[in-house]
Amino acid sequence: MDLIFTLTVAVFFTVGFYLMLSRHNIRILIGIAIFGNAVNLTIFTAGRITRLAPPIIPIDADALAAGTANPLPQALILTAIVISFSFFAFLLVLAFRTYQELGTDDTDDMRVAEPKNEGLPPLGY
Amino acid sequence: MHQEWVTLTVLFLPFVGALLAPFLTRFLNHQAAWPLAIVPALCFLHFTGFIGTVSSGQTVTGGYPWFESLDVDFSWLIDGLSLTFALLVTGIGTLIVLYAGGYLKGHPHLGRFFSFILLFMGAMQGLVVSDSFLMLFVFWELTSITSFLLIGFDHAREASRRAAIQALMVTGLGGLSLLAGLLLIWNITGANALSTLLEQGSALRDAPLYLAALLLILGGAFTKSAQFPLHFWLPNAMEAPTPVSAYLHSATMVKAGVYLLMRLNPVMGDTVAWETILPLFGGATLLVGALLGIRQTDLKLMLAYTTVASLGLLVMLTGFGSETAIEAAVLYLVAHAMFKGALFMVAGIIDHETGTRDVRKLGGIGKAMPITFAAAVLAACSMGGLPPFAGFLAKEEIYAGLGFANGWTILLTIVAFIGNALMFALGFAVALKPFTGEKVETPKKPHEGPALLWLGPVVLAALGLVFALLSTFSHGIISTPMASAVAGEPVSVSISVIPHIGLPLLLSLLTVALGVIIFIRLTSAREAMASTLQAIGWGPDRGFDQAIRGIIRLSALVTNRFQNGRLEFYLTATLGLLAASILIPMIALGELPVLPDFPDLRFYEWAVFLIAGIGLAAVLWARDRLTAVVSLGIQGFAVAMLFMLFGAPDLSFTQFMVETLSVVILALVLTRLNLQPSDHRPLGQKLLDVTIASFCGAGLGLLLLRVTQVPFNAGLSDFYAQYSRVIAHGRNVVNVIIVDFRGLDTLGEISVVMITGLAILALIRVATPRSTKTAAPAKKSEA
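On a predicted model such as this, the values are computed, not experimentally measured, just so you know.

Reading the values: rules and limits
Residues numbered from 1 in each chain as written. Chains lettered and ligands numbered in written order. Predicted model: local features only at pLDDT ≥ 70, side-chain atom pairs only at ≥ 80, totals over all residues. Helix = DSSP H or I, 4+ residues; strand = E, 2+ residues; numbered from the N terminus. Contact = placed C-beta atoms within 7 Å. Rg over C-alpha atoms; globule rule 2.2 N^0.38 Å. Buried ≥ 20, exposed ≤ 12 C-beta atoms within 10 Å, placed from the backbone. Pairing = 2+ DSSP bridges. UniProt positions renumbered as here; feature names shortened; annotations may be inferred. Nonpolar A, V, L, I, M, F, W, Y, C, P; charged D, E, K, R; others polar. Core = buried A, V, L, I, M, F, W, Y, C linked by C-beta atoms within 7 Å. Axes fitted to C-alpha atoms, helices over the stretch in contact; angles between N-to-C directions. Parallel < 35°, antiparallel > 145°, perpendicular 65-115°, else oblique. pLDDT = per-residue confidence, 0-100. Expected span 1.5 Å × (residues − 1). Arc of directions from axis to C-beta.

Draft legend 1. A look at the overall build of chain A. The helix and strand inventory of chain A stands at three helices and zero strands. Along chain A, helices (α) and strands (β) appear in the sequence α-α-α when read from the amino end. Dimensions of chain A, computed from the C-alpha atoms along their principal axes, are close to 75 × 40 × 30 Å. Across chain A, the fraction of contacts at a sequence separation of at least 24, relative to all contacts at a separation of at least 6, is 54%.

Below is the structure:
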């Protein structure tokens, strides 16, 4: 089972990175969303996969029975999903505002902070 | 009785004085010089207390533990060498503080100046008494930094800034070389303090890495003591106010390199390398400095070049390797500190009272300034080596020390002879030309300066006379202990002002004769030098400018290449490195995972994986962005399904919700953007991107597979499984972890989400006039 999960994770990472290497903001954003899923799946897989019951303590017991899923990675991922969603939403609005201000979604055309052909710094003392 | 805490206090006293200086100056103006001069005077007094012990041949060490784990102490070593230096530093320091009060009277930043000069004094005093290498290095660098502050004191002028940066660059790089050298010596000998190193005798000399250590140490000493071809920063440092030039750049700091060489002479000297390199560079510096000095017309620059020459002479003598040469170096060092300090202060007084330092525009001011004139002549006599002054003793000893044993020593004697004659001429040019001859109109009407100004030069010039007249006494307390420390064995200096008929005396007379000739023909000599230098054109000073510009150009080139402002480039570089840093060690160390068995999955599980793959593929090949967004939803839901199937329903619900929201928002935004339908990358670019992304994906996948194949540590998970119900009273363990065990984290997470929401709101609400214009076509497309 680890193999198929690992393969899935690898494919998710590859697609996410490929999209992030694009010059277009929206493609990069989509890439980041996929990258987030890849990371979550990585944590999930590293906490060992089981097809067994969810980590819920039965009504007549005081502790989790053996053979349930590992709760720790789930808690981590739950946090990660929410945070990556905030991140995604913020980036999206940034991309939107950038487009409004600069009229482009091509990162190569966004040269306000690092203008093209910047001259030499002052050579004097 | 040596009280360690008193010495420690004295070492920090100048720094305390530096803190107080600005406040005192606010209340007392230039009169603050008097109370502030007490600080170096107290240090001086403290060090005089060691004279008795040290002149009886003993060494005083003391200190406190500093970094005990590294076995580094804050420790000092007081022997003849460091005591003489400490007395010079604190004694001249006292006079300089007073002089600065007169010289910079009314300057708006006088308090700052006092502060800097006391800081420097503290650094220099610490440098010469340091025992541990680390302390020596720290104080060494501190002198470079305070020197930077003092040279650049007049920071509104570009020449000052340039000189300050130049001095810092040259001496700072030398300091790094020194650090490397000291560490190497520590490594070779195991000694991390001078006192333990000096006890080891010739262990260092015989080590195979001796030459490397020597070269590194020389890198520090030669830059600090301005040896050719790194001499250029010293004349430029004359941009500093004259008290600085008199103190740092003649009497004390520039001698730190000589101090270091003298200090290490017992353990590093007496080798072929030592006795070749030192006289070679020292001799070259002596000649170059003296010859370049002839060209100058500015009093301070004339003196600065003779300082370069004198430093060369000292290095040459230290490296010569005979006992008499060391005695000569010691005598010359002490004499030089006195006469050069005095002459610099005289040059400062002339500048202060007449408004110019150009020797061609000065003349006949001796009547108006008799005290300064007298001090100048006394100092020049010592510099010229006339009896009965300290310089005379030094010169006799120089010629006696070098001798005529073979071709090499004859060559060095000739070099010393020419250098001394040139310095003789320059010394008297500074001391006589402005004061004698016809009266020349000067920018200010000359008159004698206040006592604060002439006190320093008078005392120093007179000391030059007293030192020689009471030679038995001064040798007893200064020359003999210092020469013994430099030689590493007991040496007795006995030369007196009574001339002894012999070769040295003859050479002295010839030196004076040649000096007088040069003095008389100084103007034509200056012109000849000027035209020669004009013909050469290039010099290390210009080379420094070229090097600095070259460094700036190179760094601009590198910066523009690697920080070219293209996000794509940054990501490519980052991901390429990521792939390399995962894959290369994994393959190199043989940590690749074992290929597991083919997974045993149910058909609906296969289906979910397949859907995820289809979603991803659809995102990649989507014709337009809206399709891509919808496909993004497919893979997200597939992930949610996976969570559901493999025991994580909470994750599944959250994922469903988040994916839905993402897709809806993304689609909403996209309809407001007027974008080109799809992503155009050239084929080559596509191939490169695919390769890099695949390598990264494969690397991370392999890493994950390897992780799943190591034993699993379930400790933390078991804790939660055990105690969720018992302690936190919850049955859904995941929820308990989030809201209870890690509740504070969750609070942080909520804050992050909230802040993001606020930021988004702000971004959308803030609309500049320009944005409404560009947003207009977007609205049209929406309609």
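Draft legend 2. Structural detail: the overall build of chain B. Check the secondary structure of chain B and you find 32 helices and two strands. Whereas a compact globule of 783 residues would reach a radius of gyration of roughly 28 Å, chain B reaches 38 Å, over 25% beyond that. For chain B, the C-alpha atoms occupy an extent of roughly 115 × 65 × 55 Å along the three principal directions. Within chain B, the proportion of its 783 residues that are buried is 47%. Counting only contacts in chain B whose residues sit at least 6 apart along the sequence, the fraction spanning at least 24 positions is 78%.

Draft legend 3. The pairing of strand 2 (residues 72-78) of chain B, seen in detail. Residue and element names in this part refer to chain B. In terms of residue burial, strand 2 counts as a mostly covered element, since five of its seven residues are buried. In the sheet, strand 1 (residues 60-67) pairs with strand 2 via seven bridges, with the strands oriented antiparallel. The partner of Pro65 across the bridge, within strand 2, is Asp73.

Draft legend 4. Examining the UniProt feature "transmembrane region" (unreviewed entry) in chain A more closely. Residue and element names in this part refer to chain A. This chain's UniProt record puts "transmembrane region" (unreviewed entry) on residues 6-21, 28-46 and 75-96. Across residues 6-21 one finds 94% helix and 0% strand; the C-alpha atoms that close the span lie 22 Å apart. End-to-end, the C-alpha atoms of residues 75-96 are 32 Å apart, and along that stretch the chain is 100% helix and 0% strand.

Draft legend 5. Quick peek at unusual backbone geometry. Residue and element names in this part refer to chain B. Geometrically, the link from Phe228 to Pro229 is a cis peptide bond, its omega value of 5 degrees lying close to zero. Along the polypeptide, Pro229 turns up in the loop between helix 9 (210-224) and helix 10 (233-236). Positive phi values are uncommon outside glycine, yet Asn29 reaches one of about 55 degrees. Judged by local crowding, Asn29 falls into the partly exposed class, with 15 C-beta atoms found within 10 Å. We note that His729 has phi near 55 degrees; this positive angle belongs to a residue other than glycine. Here His729 lies in the loop between helix 29 (715-728) and helix 30 (733-741). Judged by C-beta crowding, with 9 C-beta atoms within 10 Å, His729 ranks as exposed.

Draft legend 6. Main features of the interface of chain B and chain A. The interface is formed by 91 residues belonging to chain B together with 81 residues belonging to chain A. Element by element, the count of residues in the side of chain B that touches chain A is highest for helix 28 (residues 683-708) of chain B, at 14 residues. Counted by class, the side of chain B that touches chain A contains 53 nonpolar, 21 polar and 17 charged residues.

Draft legend 7. Examining the UniProt feature "domain: MrpA C-terminal/MbhD" (unreviewed entry) in chain B more closely. In the UniProt entry, the feature "domain: MrpA C-terminal/MbhD" (unreviewed entry) is given for residues 611-673 of chain B. For the annotated span residues 611-673 of chain B, helix accounts for 89% and strand for 0% of the residues, and the straight-line distance between the end C-alpha atoms is 29 Å.

Draft legend 8. Highlighting the environment of Leu703 of chain B. In this structure, Leu703 of chain B sits in helix 28. A tally of 19 C-beta atoms within 10 Å means that Leu703 of chain B is categorised as partly exposed.

Draft legend 9. A look at the environment of Ala309 of chain B. Residues and elements named next belong to chain B. Among the secondary structure elements, Ala309 is positioned in helix 14 (residues 299-320). As for Ala309 and Gly283, which are separated by 26 residues in sequence, their C-alpha atoms are 8.5 Å apart. With sequence-adjacent residues up to four places away left out, Ala309 is seen in contact with Thr285, Leu286, Gly289, Ala290, Gly293, Gly419 and Met423.

Draft legend 10. Focus on the nonpolar core. In terms of nonpolar packing, the biggest core is built from 205 residues, with Ile117, Tyr332, Leu343 and Ala379 of chain B touching the most fellow members. Ranked by residue count, the leading element in this core is helix 15 (residues 323-354) of chain B, at 21 residues. Other than its neighbours up to four places away in sequence, Tyr332 of chain B contacts Leu313, Leu314, Leu317, Ala394 and Ile398 of chain B. Ranked by size, the runner-up nonpolar core spans 73 residues in total, among them Ile28, Ala38 and Leu72 of chain A together with Ala648 of chain B.

Draft legend 11. The packing of helix 4 (residues 80-103) of chain B against helix 20 (residues 471-487) of chain B, seen in detail. Residues and elements named next belong to chain B. Two numbers describe how helix 4 lies on helix 20: the axes approach to 7 Å, and their chain directions differ by 130 degrees. Comparing their axes, helix 20 and helix 4 come out oblique. Here Gly80, Leu81, Leu83 and Thr84 of helix 4 lie close against helix 20, whose contacting residues are Ile478, Pro481, Met482, Ser484, Ala485 and Val486.

Draft legend 12. Representation of the confidence of the model for chain B. Residue and element names in this part refer to chain B. Model confidence for chain B is summarised by a mean pLDDT of 88, while 97% of its residues fall at 70 or above. Long-range and interchain partners of residues 771-783, a stretch whose pLDDT sits below 50, account for 13 contacts in this model, where long-range means more than four residues apart. Both scores are available for the predicted complex, with the pTM at 0.78 and the ipTM at 0.92.

Draft legend 13. Representation of the packing of helix 2 (residues 33-48) of chain B against helix 4 of chain B in the model. Residue and element names in this part refer to chain B. Where helix 2 contacts helix 4, the two axes come as close as 8 Å, and the packing angle between them is 170 degrees. The angle between helix 2 and helix 4 falls in the class roughly antiparallel. Contacts between helix 2 and helix 4 pair Ala33, Leu36, Ala37, Pro40, Ala41, Cys43, Phe44 and Phe47 from the former with Leu83, Ala86, Leu87, Thr90, Gly91, Gly93, Thr94, Val97, Leu98, Ala100 and Gly101 from the latter. Residues that form the contact of helix 2 with helix 4 fall into these classes: 14 nonpolar, five polar and no charged.

Draft legend 14. Local environment of helix 21 (residues 503-520) of chain B. Residue and element names in this part refer to chain B. Under the 1.5 Å per step criterion, the end-to-end length of helix 21 is 26 Å for 18 residues, consistent within 8% with the ideal 26 Å. Along helix 21, the residues classified as buried are Pro504, Leu507, Ser508, Thr511, Gly515, Ile518 and Phe519. The arc enclosing the buried residues of helix 21, seen along the axis, measures out at 110 degrees, which places them on a common side. Among the exposed residues of helix 21, those oriented more than 90 degrees off its buried face are Leu506, Leu509, Ala513 and Ile520. Tucked inside the fold, the buried residues of helix 21 contact helix 16 (370-384), helix 17 (390-402), helix 18 (407-432) and helix 22 (522-536).

Draft legend 15. Structural view of the environment of Gly464 of chain B. Residue and element names in this part refer to chain B. Relative to the helices and strands, Gly464 is located in helix 19 (residues 451-469). By C-beta crowding, Gly464 is classed as buried, having 27 other C-beta atoms within 10 Å. Distance from Gly464 to Met383, taken between C-alpha atoms, is 9.5 Å for residues 81 residues apart in sequence. Apart from the residues within four sequence positions on either side, Gly464 is in contact with Ala335, Met338, Phe339, Leu378, Ala379, Ser382, Phe389, Ala390 and Gly391.

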